[in-house]
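Coordinate inspection notes
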Amino acid sequence: MSQTEQKHESVPRCTLCPALCSVVAVQSGPDAWRSECEQTDQGAMCPRGSAMGDLLGHRRRILSARRRRGAQTTHVDIPAALSEIASRVGGTDATILLDGNLPCEEMAVAAAWCKAWPGAKLCLVIEPADEQLLLGIEASGADYLAGADLSECDGFLIVGDALAANPTCAKGIFDRRKTATRTPIVVIDPGAGTGSKFATHVVDTAVGGELAALAAVAAAAGLDAAAGDNASAAAAGKALAGCKRLAVLIAAEHARGAAWRQIGYLAGQLAKAKGGGVAAETFGANALAAVRLGPKLGAIPLAAAAENTANWIAVGCDPIGLLGWTGRNILAAACPLPNATTDAAEIVLPVALPWEIGGTYLGGGARSVKTLAMLPPPAGVPTPAQLVESLARAAGIGACERLSAPDPAARTSPDKPSSAPAPAKAPSPALLLGRQAAHAGSGALSGYGPWQAEAIGMPELRVSVEDARELGLKAVAIVTVRANGQAAGARVKIAPELKAGRLVISEGFALSRALAPCRADGGQMAAEPVVVAVSKESASAE
Amino acid sequence: MTTASSIAVAKRVVTNLDRCIECGSCAAACYVSHGNMPAVNFAQSGAALLPVICRQCKAAACVEACPVEAMVLDEAGVVRRRIFRCIGCGSCARACPFGVLPARTAGVPAGFRSTDRMSGHQIPKCDLCEDRTAGADGDVVPRCVAACPAGALMFVDEHRAAAEHLAILGGRTTGENPYKRR
């Protein structure tokens, strides 16, 4: 199927990653639903998808507006809340931070209202690392791959923990390996994620050294790039040199530096040179569409929006948790479930879940997919676009000029990225954040899943055998992880494949992200690895 | 129903160790569809944390051990737990030679039980998703298998398992690093 071809079958789909697996809601009681995947073994449903059904009628679902007064919140009706937000904004600027993983139609309608609203700016919120990665891939001109495409590739280069970011991509790799057992699987991941266990070649990668390792692999594979003196990268590159169709799978991990744009560009060039493509395993299904549509819809970058957070109105997203920020106050947040952003907001509003809205997504392989809503939103709960319209109307805007929805399949041509800044000296011991299959993004939604709440109530801390011995840690011990003046509880997992001096904590928790928060860096938001301290909790903590 | 039988279940859930990426999809799918009482257990084996799922033994030790006849072997060879008979004594869990039945609340992927429901006093037991698979055609699979994104879990008979060069393993996996088996 060509990349611009649209899948027309409309079924409810999980919108939490580009795989867009079909998931249906099954009633499991009065006002209670659960997720169900297809009857046969043709589909898949990772833990994130399993959580979706239960969230439809979750007991903590935000169904009414509330106003914060100090530590207390009081009920307020939605029109009064909207009027208060409009009056608070007054003649000043307001920034609408809209979830960038909504259907394209929602983004277009919200943009039209923001355009008609003087002083209002729109920002499409996706993971900062994902945004930079996608800009780099777009600039490279590489094709996008996904799903079944992968089983047709004859070599795989995995950067970051792409198998955890999108577990379905593992099937294509394993299917290929089944028929061609010598297929090279090269992994570049200083956090030694899932892919490291299945790799034929693990590239020795320093903390924050993904770009250097990728350049060395690319050089050894025949590309004009900085070779360096990395023997494991040279061996890996030689293994990929003969590939006729190379798949590069990338998960842009949080707190791994500011070079994701350059990584995306170089990975795209390598994939193009080897007749293959790139699979960007982003958070959410529509990150690529947000990158492509953002400039056309007049959206501002998150780094620009971050200059003044006081008048933030977050709609359907959790920017505070995503960026790992603490101690901030914002004007308003409309979210389906409580999160770090609603905790920071003076006014909290209800809004529909992403899977209560049907529409167009640009999923894996940059293929346009129409989805149906799992269920309609609860009565009185607006969609994000409806909420932006109501806010604009409360501010006195009577009408907007409907923008013709731009085509998300139309590729953008951003500039070739400039050279990456020299990586900072690696901290020691270094805290890295790593993806896991259980959560999407900062866990603002999937964290409310019943399985997540019971089985994965706290982050997992991967520790090397050497560090575990030195720190006296045993598997499943509860520890406190301290960095950046913040602390988070975590459960230890001994990871034999991890190098000493590196600890990897699950990034699907806002409290994990607060250990290594994003900062504005050269016009983009980025987070760096940080120095970490680990101490054992008392036994009563469990 | 019978307490001991020579009946063998037609198909079992088997795990291909070369494909398991430890994502937990099987456990999550089982959890949300079985009243928050999952039957997918996990076994730590060196670097790996692998799912272990009831193999529906032909001569099931859990059936023999149950003091209240809550565990029975049905006509299809599936070992079932009769929910209203189970007193949660844990005899079956201790008897299981494969460590498949979770015996205690651990809070970690080593098996856990709901504590906020009636079922909190009962032992979770895989029923091969009988609500999906009973009477269905051959393509319908239990939820853990349907959910598995890596194709690591398969619902197969012994002949197909042999054809795929898959050994039907017990619940516990031995060896420091099962991924090295390749």
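Residues numbered from 1 in each chain as written. Chains lettered and ligands numbered in written order. Predicted model: local features only at pLDDT ≥ 70, side-chain atom pairs only at ≥ 80, totals over all residues.

**Structural notes on the overall build of chain B**
- Helix and strand content of chain B: six helices and six strands.
- Along chain B, helices and strands appear, N-terminal first, in the series β-α-β-β-α-β-β-α-α-α-β-α.
- Looking at the 182 residues of chain B, the share that counts as buried comes to 47%.
- Excluding contacts between residues fewer than 6 apart, the proportion of contacts in chain B whose partners are at least 24 apart in sequence is 68%. (Helix = DSSP H or I, 4+ residues; strand = E, 2+ residues; numbered from the N terminus. Buried ≥ 20, exposed ≤ 12 C-beta atoms within 10 Å, placed from the backbone. Contact = placed C-beta atoms within 7 Å.)

**Side note on the overall build of chain A**
- Looking only at helices and strands, chain A features 17 helices and 27 strands.
- What you see for chain A is a C-alpha radius of gyration of 22 Å, in line with the 24 Å of a compact globule of 542 residues.
- Projecting the C-alpha coordinates of chain A onto the three principal axes gives extents of approximately 65 × 55 × 50 Å.
- With 542 residues in all, chain A has 61% of them scored as buried.
- Residue pairs in contact within chain A that sit at least 24 positions apart in sequence constitute 74% of those at least 6 positions apart. (Rg over C-alpha atoms; globule rule 2.2 N^0.38 Å.)

**Thoughts on the interface of chain B and chain A**
- The interface is formed by 32 residues belonging to chain B together with 37 residues belonging to chain A.
- At the level of elements, helix 1 (25-33) and helix 5 (143-147) of chain B are the ones that each hand at least two residues to the side of chain B that touches chain A.
- Looking at the side of chain B that touches chain A, its residues break down into 20 nonpolar, eight polar and four charged. (Nonpolar A, V, L, I, M, F, W, Y, C, P; charged D, E, K, R; others polar.)

**Some words on the environment of Thr183 of chain A**
- Looking at where Thr183 of chain A falls in the secondary structure, it is placed in the loop between helix 6 (169-179) and strand 10 (185-188).
- The residues touching Thr183 of chain A, leaving out its near neighbours within four places in the chain, are Asp154, Gly155, Arg176 and Arg177 of chain A.

**Brief notes about the nonpolar core**
- Judged by nonpolar contacts, the single largest core of 258 residues is most densely connected at Ile96, Val186, Val217 and Ile250 of chain A.
- Filtering out sequence-adjacent residues up to four positions away, Ile96 of chain A remains in contact with Ala110, Cys114, Ala120, Lys121, Leu122, Cys123, Ile313, Val315 and Val388 of chain A. (Core = buried A, V, L, I, M, F, W, Y, C linked by C-beta atoms within 7 Å.)

**Quick look at the pairing of strand 16 (residues 345-349) of chain A**
Residue and element names in this part refer to chain A.
- Most of strand 16 sits inside the fold, with four of its five residues counted as buried.
- Pairing of strand 4 (residues 65-69) with strand 16 involves two bridges; the strand directions are antiparallel. Residue pairing in the sheet places Arg66 in a bridge with Val348 of strand 16. (Pairing = 2+ DSSP bridges.)

**Overview of the sheet that holds strand 21 (residues 478-483) of chain A**
Residues and elements named next belong to chain A.
- Strand order in the open sheet formed by seven strands is 26-19-23-20-22-21-27, with mixed pairing between adjacent strands. At either margin of the open sheet sits one strand with a lone partner, and together these are strand 26 (530-531) and strand 27 (533-536).
- In the sheet, strand 21 pairs with strand 27 via four bridges, with the strands oriented antiparallel. Residue pairing across strands places Val481 opposite Val534, the latter belonging to strand 27.

**A short note on the packing of helix 3 (residues 104-116) of chain A against helix 14 (residues 384-394) of chain A**
Residue and element names in this part refer to chain A.
- At their nearest, the axes of helix 3 and helix 14 sit 8 Å apart, and the two run at 10 degrees to each other. Taken together, the axis directions place helix 3 and helix 14 in an arrangement best described as roughly parallel. Counting all contacts with helix 3, which are made through Glu106, Val109, Ala110, Trp113, Cys114 and Ala116, the residues of helix 14 involved are Pro384, Ala385, Val388, Glu389 and Ala392.
- Among the residues forming the contact of helix 3 with helix 14, the class breakdown is nine nonpolar, no polar and two charged. (Axes fitted to C-alpha atoms, helices over the stretch in contact; angles between N-to-C directions. Parallel < 35°, antiparallel > 145°, perpendicular 65-115°, else oblique.)

**With respect to the domain arrangement of chain A**
Residue and element names in this part refer to chain A.
- Partitioning chain A into domains gives domain 1 (1-127 + 313-399), domain 2 (130-280) and domain 3 (430-541).
- Look at where the C-alpha atoms of domain 1 and domain 3 centre, and you get two points 27 Å apart.
- At the interface, 22 residues of domain 1 touch 23 residues of domain 3.
- The set of elements that each furnish at least two residues to the side of domain 1 that touches domain 3 consists of helix 1 (47-56) and helix 12 (319-323). (Domains from an automatic or database assignment.)

**Here we look at helix 1 of chain B**
Residues and elements named next belong to chain B.
- Counting buried positions along helix 1 gives nine out of nine residues, so the element sits mostly inside the fold.
- Looking only at helix 1, the buried set comprises Ser25, Cys26, Ala27, Ala28, Ala29, Cys30, Tyr31, Val32 and Ser33.
- Downstream of helix 1 by a residue or two, Gly35 has a phi angle that is positive, lying close to 60 degrees.

**So, the packing of helix 4 (residues 128-140) of chain A against helix 9 (residues 260-273) of chain A**
Residues and elements named next belong to chain A.
- The contact between helix 4 and helix 9 brings their axes to 7 Å, and the two run at 35 degrees. Relative to helix 9, helix 4 is oriented so that their crossing is right-handed. When helix 4 is examined against helix 9, the residues Ala129, Gln132, Leu133, Leu134, Leu135, Gly136, Ile137, Ala139 and Ser140 are found in contact with a partner set consisting of Trp260, Arg261, Gln262, Ile263, Gly264, Tyr265, Ala267, Gly268, Gln269 and Lys272.
- For the contact of helix 4 with helix 9, the residue count by class is 10 nonpolar, seven polar and two charged. (Left-handed = near helix turned anticlockwise from the far one by under 90°.)

**With respect to the pairing of strand 21 of chain A**
All names here are of chain A.
- Residues Val479, Val481 and Ala483 line the buried face of strand 21, whereas the alternating positions Ile478, Thr480 and Arg482 sit on a face that is not buried.
- Note: strand 21 against strand 22 (residues 486-494), six bridges, orientation antiparallel. Paired with Ala483 across the bridge in strand 22 is Gln486.
- Linkage of strand 21 to strand 22, two consecutive antiparallel strands, is achieved through a turn of two residues, within which Asn484 is found at a positive phi near 55 degrees.

**Describing the sheet that holds strand 11 (residues 201-202) of chain A**
Residues and elements named next belong to chain A.
- Judged by pairing direction, the sheet is parallel, and its six strands sit side by side in the order 8-13-12-9-10-11 without closing on themselves. Every other strand in the sheet has two partners, leaving strand 8 (143-144) and strand 11 as the edge strands with one partner each.
- Sheet analysis places strand 8 next to strand 13 (residues 277-280), joined by two bridges and oriented parallel. If you follow Asp143 over to strand 13, its bridge partner there is Gly277.

**Side note on the confidence of the model for chain B**
Residue and element names in this part refer to chain B.
- Put simply, chain B has an average pLDDT of 74, and 69% of its residues get 70 or more.
- The low-confidence segment residues 1-5 (pLDDT under 50) makes 12 contacts with residues lying over four places distant or belonging to another chain.
- Note that pLDDT drops below 50 for residues 170-182; the model gives that stretch 32 contacts with residues more than four away or on any other chain. (pLDDT = per-residue confidence, 0-100.)

**As for unusual backbone geometry**
- Omega for the bond connecting Ser428 of chain A with Pro429 of chain A falls within 30 degrees of zero, at -10 degrees, which places this linkage in the cis form.
- You can see Pro429 of chain A is positioned in the loop between helix 14 and strand 19 (430-434).
- Within the chain, Leu20 of chain A stands out as a residue other than glycine whose phi angle is a positive 50 degrees.
- Following the sequence through the fold, Leu20 of chain A ends up in the loop between strand 1 (6-12) and strand 2 (24-29).
- One non-glycine residue, Gln56 of chain B, adopts positive backbone phi at about 55 degrees.
- Of the residues examined, Gln56 of chain B has 24 C-beta atoms within 10 Å and is grouped as buried.

**Focus on the environment of Ser419 of chain A**
- Its place among the elements puts Ser419 of chain A in the loop between helix 14 and strand 19.
- As for Ser419 of chain A and Arg261 of chain A, which are separated by 158 residues in sequence, their C-alpha atoms are 9.7 Å apart.

**Focus on helix 8 (residues 231-241) of chain A**
Residues and elements named next belong to chain A.
- Buried within helix 8 are the following residues: Ala233, Ala236, Gly237, Ala239 and Leu240. On an axial view of helix 8, the arc spanned by its buried residues comes to 155 degrees, and they lie on one face.
- Where the residues of helix 8 are buried, they touch strand 9 (155-159), strand 10, strand 11, helix 7 (210-220) and strand 12 (246-250). (Arc of directions from axis to C-beta.)

**Overview of the environment of Ala239 of chain A**
Residue and element names in this part refer to chain A.
- By the secondary structure assignment, Ala239 is in helix 8.
- With 192 residues separating them in the primary sequence, Ala239 and Pro47 have C-alpha atoms 34 Å apart.
- Apart from the residues lying within four places of it in its own chain, the contact partners of Ala239 are Pro184, Val186, Thr200 and His201.

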